[in-house]
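Reading the structure
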Amino acid sequence: MTYAKTVVRFCIPRSVRNWVRSPSNSAKWIWDELRFSTGVKQVVQMRPGWQLTCHPAAYRCAYHLQINDPEQVSEFDNFIDNSVEGMVLFDIGAHFGLFSLATLHYGGPRSKVIAVDPSPVAVRFLKIQSRLNDMREGIEVVHAAVSDHCGSKPMVSVGVLSSGFYISPSKDHTGSELTSTRTTTLDQLVKEFELSPTHIKIDVEGDEFAVISGGRQTLSQPNAPLLFVELHNEMIRQNGGAPQETLALLKSLGYETFATDGRALDDGSILEKPLIRIVARKN
């Protein structure tokens, strides 16, 4: 990291830098918030027979990807195809909650969702979206990061550039950029809410191994949940980790990995991708 960048990081709060790094994104975000404050909402046809009422930023920053991005369309359609009546989703890294809302739509009135995200922006949008679509009764929103321990961990806010994401810090982040964030585990969520998940979606920007490690008891059960996992192989390597450890852990727990189109996947084909979305099913 250059001296100039170090000085900027030390002198200018990260919250300010997040807004000025991308003026166009910041302007769009402010405009969406102003429109929503005056009552403007967007109705989106997510899939045939399913409409969502949205805060303008929810569609622009998140939901459009499940309509326009082929890989995310495939992942989301696979999730819908595997949805069942009365399902229980643990949505880990829920962001703006599209998988949570899909669960409550396709899983019917007996379905339940525990939606967890470390970002206060995401938590706010989860609550807005569940309210706009009359789904508040079926969803519990938890403001925390899911990890391998209960307590806290430092995280970094990426800001409007990535729609409010929180990520684990790299070696380049300074102490002033970090936010202490509450952590919980999959096993703790099972105990706390007295619910056994049938489905778990994991999208945690490189922290997949920690999330799965914190759910060993839940994932070792004979009726263990179906997993939908976003593996950030390149991000993990850049931070000094080994993405193959996540695959080895899944195997040790009795899971087989598949592509979102149903094809069986070997470790090599998974690890060669910078980012890949997989389905893991108990064998």
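Structure: above.
The shown structure was predicted, so the numbers you read here are calculated from the model rather than taken from an experiment.

The next point concerns the sheet that holds strand β11 (residues 226-231). In space, the 7 strands of this open sheet follow the order β5-β4-β3-β10-β11-β13-β12, with mixed pairing throughout. The two strands at the open ends of the sheet, each matched to only one other strand, are β5 (139-143) and β12 (255-259). The sheet shows a mean angle of 15° between the axes of neighbouring strands, direction not considered. The sheet contact formed by strand β3 (residues 88-92) and strand β4 (residues 112-117) spans 5 bridges and is parallel. Along β4, the bridge assignment pairs Asp91 with Ala115. Sitting on the sheet, helix α8 (residues 120-132) is in contact with β4 and β5, with an inclination near 165° to β5.

Let us look at a nonpolar patch on the surface. A contiguous nonpolar surface patch, about 330 Å² in accessible area, is contributed by Ile30, Trp31 and Leu34. As for its position among the elements, Leu34 is in helix α3 (residues 23-37).

For helix α9 (residues 186-193), the set of buried residues is Leu186, Asp187, Leu189 and Val190. In an axial view of α9, the angular spread of the buried residues amounts to 160°, which keeps them on one side of the axis.

Next up on the list: the pairing of β3. With 5 of its 5 residues buried, β3 lies for the most part within the structure. A crossover connection joins β3 to the parallel β4 through helix α7 (residues 98-106); in handedness this β-α-β unit is right-handed. Of the strand pairs in this sheet, β3 and strand β10 (residues 199-202) are connected by 4 bridges, and their pairing is parallel. Looking across to β10, one finds that Leu89 is bridged to His199.

This paragraph deals with the packing of aromatic side chains. Going through the model one piece at a time under the given rule, you end up with 7 aromatic pairs. Both rings, one in Phe96 and one in Phe125, keep their centres 4.3 Å apart while their planes meet at 10°; by these two values the pair is stacked. Placement of the pair is Phe96 in the loop between β3 and α7 and Phe125 in helix α8, with a sequence separation of 29 residues. With relative accessibility at 1%, the residue Phe96 sits in the buried group. On the basis of relative accessibility, which here comes to 0%, the residue Phe125 falls in the buried class. Here the aromatic cluster, defined as three or more aromatic residues joined through ring pairs, consists of Trp50, Phe76, Phe79, Phe99, Tyr106 and Phe228.

In this section: the packing of helix α6 (residues 70-81) against α7. A pair of packed helices can be characterised by two numbers: the angle between their axes and the separation between those axes. In contact at an axis separation of 10 Å, α6 and α7 are set at 30° when each is read in the N-to-C sense. By the angle between their axes, α6 is roughly parallel relative to α7. In the packing of α6 onto α7, the handedness of the crossing is right-handed. Contacts between α6 and α7 pair Glu75, Phe76, Phe79 and Ile80 from the former with Leu98, Phe99, Ala102, Thr103 and Tyr106 from the latter.

Reading the values: the criteria
- Residues numbered from 1 in each chain as written.
- Predicted model: local features only at pLDDT ≥ 70, side-chain atom pairs only at ≥ 80, totals over all residues.
- Heavy atoms only, no water.
- Pairing = 2+ DSSP bridges.
- Helix = DSSP H or I, 4+ residues; strand = E, 2+ residues; numbered from the N terminus.
- Axes fitted to C-alpha atoms, helices over the stretch in contact; angles between N-to-C directions.
- Contact = heavy atoms within 4.5 Å.
- Patch = residues over 30% accessible without salt bridge, like charges linked within 9 Å, V, L, I, M, F, W, Y side chains within 5 Å.
- Areas by Shrake-Rupley, 256 points an atom, 1.4 Å probe, with all protein chains shown as cover.
- Salt bridge = Lys/Arg side-chain N within 4 Å of Asp/Glu carboxyl O.
- Buried < 20%, exposed > 50% of the residue type's maximum accessible area, 1.4 Å probe, protein only.
- Arc of directions from axis to C-beta.
- Right-handed = clockwise from strand over helix to strand, strands pointing away.
- Phe/Tyr/Trp six-rings, centres within 6.5 Å; stacked < 30°, edge-to-face > 60°.
- Parallel < 35°, antiparallel > 145°, perpendicular 65-115°, else oblique.
- Left-handed = near helix turned anticlockwise from the far one by under 90°.

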